[in-house]
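Topology and contacts: notes
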Amino acid sequence: MTLTDLSNGFRDEDQQRYVQAVIHSRFADDRDQQECRYLMRFWWQLRMTYQEVSVEELRLNVGSRKLESVMELIDAIRSSHDEIDAWLASAVRTFPVVLDRGFRGASTAPAVTGASSDDVPDSADV
């Protein structure tokens with residue numbers, strides 16, 4: 001089954017972008033590089049009319065839970081705009097936003113070498 005028809009199945013650009021945002025922020029977790037690579041190819045497929053990824057490649061490289069949801073999205077795109085909206089609501093409830101632990105870890109490091117949380121006064125001490 002080809003996926004080259006998916007870009008034509010959305011109500012409008014906003015719906016298409018929202019679906020892409022959900023795939024990017026809730027499905028593509030770069031801690032699993034292989035799965036992330038194929039989910040991002042699927043993300044791109046949602047806009048392209050040429051083949052970026054196949055269903056077979058998704059089946060081989062995406063975990064079962066996410067794959068099931070991606071296949072539901074494909075069916076929804078081919079069914080109706082309302083089905084896409086229902087998929088979006090379900091995906092947002094089911095899949096949490098992927099946290100970038102590398103960025104978060106770097107942003108919470110002490111600013112000064114040797115500084116610790118003991119060096120910061122409690123609000124009661126101020």
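A brief structural summary.

The rules we used
Residues numbered from 1 in each chain as written. Predicted model: local features only at pLDDT ≥ 70, side-chain atom pairs only at ≥ 80, totals over all residues. Heavy atoms only, no water. Helix = DSSP H or I, 4+ residues; strand = E, 2+ residues; numbered from the N terminus. Buried < 20%, exposed > 50% of the residue type's maximum accessible area, 1.4 Å probe, protein only. Areas by Shrake-Rupley, 256 points an atom, 1.4 Å probe, with all protein chains shown as cover. Core = buried A, V, L, I, M, F, W, Y, C linked by side-chain atoms within 4.5 Å. Contact = heavy atoms within 4.5 Å. Phe/Tyr/Trp six-rings, centres within 6.5 Å; stacked < 30°, edge-to-face > 60°. Axes fitted to C-alpha atoms, helices over the stretch in contact; angles between N-to-C directions. Parallel < 35°, antiparallel > 145°, perpendicular 65-115°, else oblique. Nonpolar A, V, L, I, M, F, W, Y, C, P; charged D, E, K, R; others polar.

As a further point, take the overall build of the protein. Helix and strand counts for the protein come out as six helices and zero strands. Tracing the protein from N to C terminus, the helices and strands come up as α-α-α-α-α-α. Residues classed as buried in the protein amount to 35% of the 126 residues present. Surface exposure of the protein reaches about 7900 Å², of which carbon and sulfur atoms provide 50%.

What follows is about the nonpolar core. Among the nonpolar cores identified, the biggest contains 29 residues, and Leu3, Val19, Phe27, Phe42, Leu46, Leu58 and Trp87 are the most heavily contacted of them. Per-element accounting of this core gives the leading share, seven residues, to helix H4 (residues 64-79). If near-sequence neighbours (up to four positions away) are discounted, phenylalanine 27 is found in contact with Val22, Glu35, Leu39, Lys66, Ser69, Val70, Trp87, Ala91, Phe95 and Val98.

The tally for this structure, following the rule as stated, stands at three aromatic pairs. Between phenylalanine 27 and phenylalanine 95, the ring centres sit 4.4 Å apart and the planes meet at 40 degrees, which makes this aromatic pair tilted. A residue pair is termed long-range when its members are at least 10 positions apart, and phenylalanine 27 in helix H1 (residues 13-27) and phenylalanine 95 in the loop between helix H5 (81-94) and helix H6 (101-107) qualify at 68 residues. On the accessibility criterion, phenylalanine 27 (0% relative accessible area) is buried. What links up through ring pairs into an aromatic cluster is the set Phe27, Trp87 and Phe95.

When you line up the elements, valine 55 lands in helix H3 (residues 55-61). Taking the C-alpha atoms as reference points, valine 55 and valine 70, separated by 15 residues in sequence, lie 9.7 Å from one another. Setting aside residues no more than four positions away along its own chain, valine 55 makes contact with Met1, Leu3 and Met71.

Turning next to the side chain of glutamine 15. With respect to the secondary-structure elements, glutamine 15 resides in helix H1. Judged by relative accessible area, glutamine 15 falls into the buried class, the value being 4%. Apart from the residues lying within four places of it in its own chain, the contact partners of glutamine 15 are Phe10, His81, Ile84 and Asp85.

So, about the environment of serine 7. Position of serine 7 among the secondary structure elements: in the segment before H1. The exposure class assigned to serine 7 is buried, which follows from its relative accessible area of 15%. Linking serine 7 and glutamine 45, residues 38 residues apart in sequence, is a C-alpha distance of 7.3 Å.

Direction vectors running N to C along H1 and helix H2 (residues 33-45) enclose 170 degrees, while the axes themselves pass 10 Å from each other. Relative to H2, the element H1 is oriented roughly antiparallel. Where H1 approaches H2, its residues Gln20, Ile23, His24 and Phe27 are matched on the opposing element by Glu35, Leu39, Met40, Phe42 and Trp43. Of the residues that constitute the contact of H1 with H2, the class distribution is six nonpolar, two polar and one charged.

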